[in-house]
Structures are given as structure tokens and as C-alpha cells.
Amino acid sequence: MYEERLTVPRSWWLLPVALGLSFGLILLRFSGLGALIGLVVGVAAGAAALSSYGSPRIRVVQGSLVAGQARIPVSALGEAEVLNPKEAVAWRSVKADPRAFMLLRSYVPTALKVAVTDPADPTPYLYLSTRSPQRLADALDEAAAGSRSR
């Protein structure tokens, strides 16, 4: 029904190159081969870390919202509120509840705040950084309507 991957901006891929160059320059003092190894290891380690950080997916499938490692049935979710960039900053800083589940990425300006209605769950809401908050809210509404009709 809905799927999105929160990839990092393209410019961030310069960071692993800078890390590799730094490692290479540090190890250049010992040998040319050490510098080459430092360059390769630095780029590979930086790319792996950046890929890991920038790989969370948000999906609505089979009556569940899957956000990163979390899987929540849509029957346990309430109203979804689309947050513009200004509201998103407020909800991830001054208005944030420490009990909330937050899948946030600072490079994604918009977000969706979804209330959790399950009384057994202490989480008051989910904060999800998304580039398409309205599409995600519509997918959640559609999944909730589908689960109610069963």
C-alpha cells in the first residue's frame, strides 16, 4: 500500500570519501600501502555507516505500519496529523514526549504524527519523518478501513 525509504541526501556521500582520505593521510606516515589500505577501509566503513543510518523504511502492509524496526497494527493507531516543516521541528524538540516512538531524520523536513490508541501501550504517539506525509496518512486510513471491514 505504501513504502518509503529515508535515504540520506546525495551530498552526504562525500563524508565517507573525506573519512577515507583522512585515514589515508594518517597512515601515509607509515607507508604508501598503509595509506591505500586506510583510504579503502575509511571509505568502506564510512559508506557502511551512512548506508545503515540512511536505510530505514516506512511501510504500510498487511494491516500494519512498519517503521524501521517497529511493527504496529493499524488497529492500535488513532488519528494521523500531517506536520509541515515548522511543526515537525517543534514536535521533535520542545513539544516532544520522551515516551514517543520517533523515527526521525533531520534531513527530511516533513513528518507525520500518529496517535497510539492501545491502552496497554505507554507510547502516546509515533513521530515519523517522511517526504510524503499526506500519502502515508491516506495509506494508514485505507489500511484501517480495510481492517475494520474484515
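Residues numbered from 1 in each chain as written. Predicted model: local features only at pLDDT ≥ 70, side-chain atom pairs only at ≥ 80, totals over all residues. Heavy atoms only, no water.

**A short note on the sheet that holds strand β7 (residues 111-116)**
Link 1 in the chain: Here four strands make up an open sheet; going across it, the order is β5-β7-β8-β6 and the pairing mixed. Looking at strand neighbours, the two that pair on one side only are β5 (77-83) and β6 (101-103), the edges of this open sheet. The mean angle between the axes of side-by-side strands here comes to 15 degrees, regardless of whether they run parallel or antiparallel.
Link 2 in the chain: Where β6 meets strand β8 (residues 125-129), three bridges bridge the pair, whose relative direction is parallel. When the bridges of β8 are listed, Phe101 appears paired with Leu126. (Pairing = 2+ DSSP bridges. Helix = DSSP H or I, 4+ residues; strand = E, 2+ residues; numbered from the N terminus. Axes fitted to C-alpha atoms, helices over the stretch in contact; angles between N-to-C directions.)

**With respect to the pattern of salt bridges**
Link 1 in the chain: Taken as a whole and assessed by the stated rule, the structure comprises three salt bridges.
Link 2 in the chain: Glu3 is the partner of Arg57 in a salt bridge, and the nearest nitrogen-oxygen pair spans 2.9 Å. Taken as a pair, Arg57 in strand β2 (residues 57-61) and Glu3 in strand β1 (residues 2-5) lie far apart in primary sequence, 54 residues in all.
Link 3 in the chain: Residue classification places Arg57 among the partly exposed positions, given a relative accessible area of 28%.
Link 4 in the chain: Since its relative accessible area comes to 48%, Glu3 is described here as partly exposed.
Link 5 in the chain: Where Asp97 meets Arg99, a salt bridge forms, and the shortest distance between an N and an O atom there is 3.0 Å. (Salt bridge = Lys/Arg side-chain N within 4 Å of Asp/Glu carboxyl O. Buried < 20%, exposed > 50% of the residue type's maximum accessible area, 1.4 Å probe, protein only.)

**Focus: the sheet that holds β2**
Link 1 in the chain: Spatially, four strands are ordered β1-β2-β3-β4 in an open sheet, and the strand pairing comes out antiparallel. Single-partner strands in this sheet number two, and they are β1 and β4 (70-73). Mean inter-strand twist for the sheet, computed between neighbouring axes without regard to direction, equals 10 degrees.
Link 2 in the chain: One ladder, built from four bridges, connects strand β3 (residues 64-67) with β4; its direction is antiparallel.

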